[in-house]
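Read off the chains here:
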Amino acid sequence: MSPTSRLADTRRCLSAIASNLLARFAPTLYVRLTRQTGRGAGDVGAENNAGYFRRCHAEYCARLGCDPEDPQALAGLQVLEYGPGDVLGVALMCIAHGAERVVCVDRFPLERLSPANVAIYRALLTGLPEGPRARAATVFRETGEPASGLDPARIEYRVTHDGTSGAEATFDLILSRAVLEHVHDLAALFADMRRALRPGGVAVHQVDLKSHGLDRQMPFDFLSWPGWLYALMYSHKGFPNRWRVGLYRRWAEAAGLELKALAPTGMLSASELAAVRPRIRPELATGTADDELGWLGFWMELVPARHTAVGD
Ligand SMILES: C[S@@+](CC[C@H](N)C(=O)[O-])C[C@H]1O[C@@H](n2cnc3c(N)ncnc32)[C@H](O)[C@@H]1O
């Protein structure tokens, strides 16, 4: 490593440790100062944000094998979403397409009814056809009026100390997107998921294995920091846990969940993987096959394993 890279790494460490302490002792202030939405930086406008939630809905439906335009695609379902970010747009789209109730659980208090977020809810309502729009309008305290706030009987937002739901055999569908890679006790989250799923229920997760801006000189070299130093820098800021797909598979199965599908969303090129491969810390890659190490993310679908029941 050149002296310049070493200096850049030292600077990065010191500033990351300082902001990690802020996030540890003043999480709400940290979230406000860093203006976190969950969807990344920048105000991209109500219509673009609404488009993001429409895309999420369409992709979840594609995984579930249902038509995203079908007004009854999720008829009667009780839904749990982990880590929704600051706008409960996925929840609104679920209710619009027939879900009965959605509970959103997060570890960080990101949800906000700011004018920008109210505009996103309005854009989502406007973009829906009549039937789904009428259903979606009922999620607000005053029907059709996003500024009145969400009615917790239809869409409930909960912040818990570890981001788990504590629910027992309650949900038919569990969703998350760009969340599991931030969770520091995945075994506990999968156990929560197993307990929260009803028999016949399904969990659909999209996991982003990229560096979230932490690459130093090459893609995936954030996987080379020793665990103790990485924890000092990032443990309280919702940064990625860095685990590769094998550990997700292992912890999900240990919790009594069965893999229904597992598919990559993208991959490093062969030359990028060859360059970084010797630097990846082995403990992050446990149970991960060589051809899975370059995955940039994946979809994971889980159902309760046949031989387990809640309480096993
Ligand atoms: C990148 S954002 C994704 C937000 C949203 N799902 C989306 O697609 O826009 C990550 C979300 O996960 C939440 N999160 C971070 N760590 C978590 C944890 N340990 N348990 C549950 N949620 C967590 C964050 O607060 C945030 O809501």
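Notes on the structure in this doc start here. Bear in mind that the values here come from a model prediction, so they are computed numbers and not experimental data.

Let's talk about the overall build of the chain
Summing up its helical and strand segments, the chain has 10 helices and nine strands in all. What you see for the chain is a C-alpha radius of gyration of 20 Å, in line with the 20 Å of a compact globule of 312 residues. If one aligns the C-alpha atoms of the chain with their principal axes, the spans along those axes are about 60 × 45 × 35 Å. Considering only contacts within the chain whose residues lie at least 6 apart along the sequence, 77% involve residues at least 24 apart. Carbon and sulfur atoms form 56% of the exposed surface of the chain, whose accessible area is close to 14,000 Å². Of the charged side chains in the chain, 35 are positive and 35 negative; the average position of the first set lies 6 Å away from that of the second.

Side note on the state of the cysteines
One pass over the full model with this rule turns up zero disulfides. The thiol of C56 is not disulfide-bonded; the next cysteine sulfur, from C94, is found 10 Å away. Overall, C56 belongs to the buried group, its relative accessible area being 1%. With no disulfide of its own, C94 has C61 as its nearest cysteine by sulfur position, at a separation of 7.9 Å.

Considering a nonpolar patch on the surface
Taken together, the side chains of L22, L29 and L33 make up a nonpolar region of the molecular surface, amounting to roughly 270 Å² of accessible area. Position of L29 relative to the elements: it lies in helix α2 (residues 27-33). For L29, a relative accessible area of 44% translates into the label partly exposed.

Digging into the environment of W228
Positionally, W228 belongs in helix α8 (residues 227-234). Once the C-alpha coordinates of W228 and C56 are considered, the two residues, 172 residues apart in sequence, prove to be 35 Å apart.

Describing helix α3 (residues 46-64)
For α3, spanning 19 residues, the distance from its first C-alpha to its last is 27 Å, which sits close to the expected 27 Å at 1.5 Å a residue. Summarising the contacts, the buried residues of α3 are in contact with α4 (89-96), α5 (115-126), β6 (171-177), β7 (197-208) and β9 (295-304). G65 lies just past α3 and shows a positive phi near 75 degrees.

Here we look at the packing of helix α7 (residues 186-196) against helix α9 (residues 245-254)
Axis separation between α7 and α9 bottoms out at 8 Å; the angle between their running directions is 45 degrees. As the angle between them shows, α7 and α9 are arranged oblique. Seen from above, α7 lies across α9 with right-handed handedness. Counting all contacts with α7, which are made through L186, A187 and F190, the residues of α9 involved are Y248, W251 and A252. Looking at the contact of α7 with α9, its residues break down into six nonpolar, no polar and no charged.

Things to note about the packing of α3 against α5
Two numbers describe how α3 lies on α5: the axes approach to 8 Å, and their chain directions differ by 60 degrees. Between α3 and α5, the angle falls in the class oblique. Crossing of α3 against α5: the hand is right-handed. Between α3 and α5, the contacting residues are A46, E47, N49, A50, F53 and R54 on the first element and A119, I120, A123 and L124 on the second. Broken down by class, the residue content of the contact of α3 with α5 amounts to seven nonpolar, one polar and two charged.

Points about the nonpolar core
Core analysis: the biggest nonpolar cluster contains 48 residues, and I174, F190, M193 and Y248 have the highest contact counts within it. Tallying contributions element by element places α7 first for this core, with five residues. Of all hydrophobic cores here, the second largest spans 36 residues; its members include Y60, V202, V204 and V303.

Remarks on helix α6 (residues 130-137)
Within the sequence span of α6, burial applies to P132, A136 and A137. Seen along its axis, α6 keeps its buried residues to an arc of 140 degrees; they face one direction. Buried residues along α6 sit in contact with α4, α5 and β3 (140-142).

Calculation criteria
Residues numbered from 1 in each chain as written. Predicted model: local features only at pLDDT ≥ 70, side-chain atom pairs only at ≥ 80, totals over all residues. Heavy atoms only, no water. Helix = DSSP H or I, 4+ residues; strand = E, 2+ residues; numbered from the N terminus. Rg over C-alpha atoms; globule rule 2.2 N^0.38 Å. Contact = heavy atoms within 4.5 Å. Areas by Shrake-Rupley, 256 points an atom, 1.4 Å probe, with all protein chains shown as cover. Lys, Arg positive; Asp, Glu negative; His and termini not counted. Charge placed at Lys NZ, Arg CZ, Asp CG, Glu CD. Disulfide = S-S within 2.5 Å. Buried < 20%, exposed > 50% of the residue type's maximum accessible area, 1.4 Å probe, protein only. Patch = residues over 30% accessible without salt bridge, like charges linked within 9 Å, V, L, I, M, F, W, Y side chains within 5 Å. Salt bridge = Lys/Arg side-chain N within 4 Å of Asp/Glu carboxyl O. Expected span 1.5 Å × (residues − 1). Axes fitted to C-alpha atoms, helices over the stretch in contact; angles between N-to-C directions. Parallel < 35°, antiparallel > 145°, perpendicular 65-115°, else oblique. Left-handed = near helix turned anticlockwise from the far one by under 90°. Nonpolar A, V, L, I, M, F, W, Y, C, P; charged D, E, K, R; others polar. Core = buried A, V, L, I, M, F, W, Y, C linked by side-chain atoms within 4.5 Å. Arc of directions from axis to C-beta.

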